[in-house]
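The primary structure of each chain is shown beneath.
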Amino acid sequence: MPERFIDELLTRIDIVDVIQERVTLKKAGRDWSARCPFHDERSPSFTVSPAKQFYHCFGCGAHGSAIRFLMDYDRLEFPDAIEELAARAGLKVEYEGGQRDKPREDASDLYALLDAAATFYREQLARSAGARAYFEQRGLDVETLKRFNLGYAPNQWDALKTALGTTPQRLALLDKAGMLASGDRGGKYDRFRDRVMFPILDRRGRTIAFGGRIISSDRPDRVDQEADSPARTSDKSPGPKYLNSPETPLFHKGRELFGLWQARDANPKIARLLVVEGYMDVIALHQYGITQAVATLGTATTSDHAEILFRNSADVYFCFDGDRAGRQAAWRAVESVLPRMRDGRQAWFLFVPDGEDPDSLIRAEGVDGFEQRLRQATPLSEFFFAETGKDVNLATIDGKARLAERARPLIGQIPDGAFRDLMYTELERRSGARTVLPGGTAQVDIRATARLGGGRPAQRSLVRTAVALLVQSPALAAEIEPPWTFSELRQPGISLLVELIRLCRERPTLTTGALLEQFAGREEAVALNKLATLDLLVDAGQGRADFIGALAQLDVQTSQQRLDDLIARQLAGGLSDSERDELRQLMANKPAHRKR
């Protein structure tokens, strides 16, 4: 979506109205306050600023614009949050390229058709003794069948196609939704046949795809080989045991989790999420009361999965087989999770015994037994060092060096915070190798300057002051015209300051909330959010004066830096004529620099 559209959207939305519809706010001076909706607390630490169009919790650190609030509170994906706010503001959503609604041009028709397919399969389940017997043998009760809307695809080539593909347009939609497959002659037939069916829902509870499990190896034998059936009808292979819908405009398996909608429906606040590997594992756990279970859809845990999991709960358990393949899957989950392990988030790994799965364990051991296993699950940190330390002899210097070499780049992916610091500390304890944190990045430098006291150098406090004032009052960028002398200053945070000034000048309607939205997901986001909530104790007029004064002092420091560079070059081997003239000019102005 174009950034300018998002800017316009946020200027038309009052964040106070959006939040007040979901949380009881009380006026507190210029701002509003409440008990934080994202963590338990007794006294209010959650504030909403109408001036900045920004919310922040001083207890848990939750913060952001109206978009981020909807994503975290209503658990919406970014496009869905944008669409909801746009509908509220009376705007049509714009997508890249200037085309409106292109990604969803026939989305409503696809949703309706897939819902109709789910209804068709549910009705067919009532007519299939074999499919009902399968679910009964798996121990599913009527309520669970209803909760997950389970069904059955008949053992026919064209059952769904005949029932729903009543026009060329509907046939095209069935194909686009992934419900049809192509034969060797190009004809279309039902993708799912003689399978129990598991509807896959999005975060709004809409059917977007299906998974099907084979229950019989029988297949109809079509002798006539009509054009709309597969050519090789003599092949009676039942196909794969499990079959999922292909990728479609609505369904991307690397971004979806089976059972998430049911988990959110059953838990107003999800204290934890349990990631398992199969549909039946999810369904059995829900039936036994562990309603926080979800599953990936035949893929390893992706970075998108990790983000969705942590957006819904701070505590995530991954449940895998205890064999080699299971531990490899667990390690892929670690690689996806590490870059999202912000402070307050936790992950554990539970490995089930050989020959078992969560479905069989919950039935054999009951809820108490399964909960005991969860309590004994391996923390992420412990599993991480166990895996990176495999085949490493820590009794030798070479082995310790190998551990450090393996672990450092992975720990470096963890967001700045206590968890990363403790992981580095544990690595140093195990390997004896000290870790020097990478410096020079805007995120590290601005974080350091955001801390009060501690005898920080004056030049860092100037950058900190300028960035904080600009984040809280983006309109200040209009006060200064390029070129900006201080942009040449070799000092932490300068590149970020210049980027902020350019951004605010290019988009003069930016609010604090909209500005921070531009940095969501970037390394600098944590520091900028902290500076946005810093109490600067200045009014608008004084803030303008402080901002211009800070930049003026940075200009002075830039001139001093240039003077030092020229003197060093002169001592090293000489200057050009133009450089000597520049040096004389700077030397002449030096007393003025000192006075300022």
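Residues numbered from 1 in each chain as written. Predicted model: local features only at pLDDT ≥ 70, side-chain atom pairs only at ≥ 80, totals over all residues. Heavy atoms only, no water.

Visitor: Looking at this structure, how should I read the sheet that holds strand S6 (residues 151-153)?
Guide: Two strands in a sheet stick together by hydrogen bonds in their backbones, pointing the same way (parallel) or opposite ways (antiparallel). Strand order in this open sheet of 4 strands is S6-S9-S10-S11, and the pairing throughout is antiparallel. Bordering the open sheet on either side are S6 and strand S11 (242-244), each of which pairs with just one other strand. When the angles between neighbouring strand axes are averaged without regard to direction, this sheet yields 35°. Bridging between strand S10 (residues 207-214) and S11 involves 3 bridges; their strand directions are antiparallel. Pairing of Gly 211 across the sheet is with Asn 244, part of S11. Against the sheet, helix H5 (residues 107-127) engages S6, strand S9 (195-201) and S10, with an angle of about 30° to S10. Strands S6, S9 and S10 of the sheet are contacted by helix H6 (residues 129-137), whose axis makes an angle of about 70° with S9. (Pairing = 2+ DSSP bridges. Helix = DSSP H or I, 4+ residues; strand = E, 2+ residues; numbered from the N terminus. Axes fitted to C-alpha atoms, helices over the stretch in contact; angles between N-to-C directions. Contact = heavy atoms within 4.5 Å.)

Visitor: I keep staring at the nonpolar core and nothing clicks. Help me out?
Guide: As a rule of thumb, nonpolar side chains are buried together in soluble globular proteins. Judged by nonpolar contacts, the single largest core of 66 residues is most densely connected at Ile 19, Phe 46, Leu 470, Leu 497, Leu 500 and Leu 554. In terms of nonpolar packing, the next biggest core, distinct from the first, is built from 59 residues, Leu 114, Leu 140, Leu 173 and Cys 319 among them. (Core = buried A, V, L, I, M, F, W, Y, C linked by side-chain atoms within 4.5 Å. Buried < 20%, exposed > 50% of the residue type's maximum accessible area, 1.4 Å probe, protein only.)

Visitor: Quick question: what am I supposed to make of the sheet that holds strand S4 (residues 54-57) here?
Guide: Pairing in this open sheet of 5 strands is antiparallel, and the strands run S1-S2-S3-S4-S5 from one edge to the other. Both outer strands of the open sheet, strand S1 (26-28) and strand S5 (63-64), are each paired with one neighbouring strand and no more. As paired elements, S1 and strand S2 (residues 31-34) share 3 bridges and run antiparallel to each other. Counterpart to Lys 26 in the pairing with S2 is Ser 33.

Visitor: Looking at this structure, how should I read the packing of aromatic side chains?
Guide: Aromatic ring pairs are described here by two measures, namely the spacing of the ring centres and the angle between the planes. Within the structure shown, the criterion is met by 26 aromatic pairs. Note on Tyr 317 and Trp 348: the rings are 4.5 Å apart at their centroids and 15° apart in plane angle, and the pair reads as stacked. Taken together, the residues span a long stretch of sequence, with Tyr 317 in strand S14 (residues 315-321) and Trp 348 in strand S15 (residues 346-352) at a distance of 31 residues. Pair check on accessibility: Tyr 317 and Trp 348 agree, each one buried. Among the aromatic residues, those joined into a cluster by ring pairs are Phe 318, Phe 320, Trp 331, Phe 349, Phe 351, Phe 383, Phe 384 and Phe 385. If you follow Arg 206 out to its NZ or CZ, it ends over the ring of Tyr 111, 4.1 Å from the centre. (Phe/Tyr/Trp six-rings, centres within 6.5 Å; stacked < 30°, edge-to-face > 60°. Lys NZ or Arg CZ within 6 Å of the ring centre and 35° of its normal.)

Visitor: In this structure, what is going on with the environment of Leu 150? I would like to understand it.
Guide: Looking at the element boundaries, Leu 150 is found in the loop between helix H7 (142-147) and S6. For Leu 150, a relative accessible area of 1% gives the class buried. For the pair Leu 150 and Thr 119, spaced 31 residues apart in sequence, the C-alpha to C-alpha distance is 9.4 Å. When sequence neighbours within four positions are dropped, the list of residues in contact with Leu 150 reads Arg 122, Leu 125, Phe 135, Leu 140, Leu 145, Met 197, Phe 198, Pro 199 and Ile 283.

Visitor: Explanation requested: the pattern of salt bridges in the structure shown.
Guide: Pairing is possible between side chains that carry opposite charge, provided their charged atoms lie close to one another. Applying the stated criterion across every chain, the model contains 24 salt bridges. Between Arg 88 and Glu 21 there is a salt bridge; the shortest N-O distance is 2.8 Å. Of this pair, Arg 88 sits in helix H4 (residues 78-89) while Glu 21 sits in the loop between helix H2 (15-20) and S1, and the two are 67 residues apart along the sequence. For Arg 88, a relative accessible area of 39% corresponds to the partly exposed category. Between Glu 479 and Arg 544 there is a salt bridge, and its shortest N-O distance comes to 2.9 Å. With Glu 479 in the loop between helix H19 (458-472) and helix H20 (494-506) and Arg 544 in helix H23 (residues 540-572), the pair connects residues that are 65 residues apart, well separated along the chain. (Salt bridge = Lys/Arg side-chain N within 4 Å of Asp/Glu carboxyl O.)

Visitor: Would you take a moment to explain H23 for this structure?
Guide: Since the α-helix turns once every 3.6 residues, residues separated by three or four places project in the same direction. For H23, which comprises 33 residues, the first-to-last C-alpha distance of 48 Å matches the rise-based estimate of 48 Å (1.5 Å per residue) to within 8%. Buried residues of H23: Gly 543, Phe 547, Ala 550, Leu 551, Leu 554, Val 556, Thr 558, Ser 559, Gln 561, Leu 563 and Leu 566, and no others. Two residues or fewer after H23 comes Gly 574, characterised by a positive phi angle close to 115°. (Expected span 1.5 Å × (residues − 1).)

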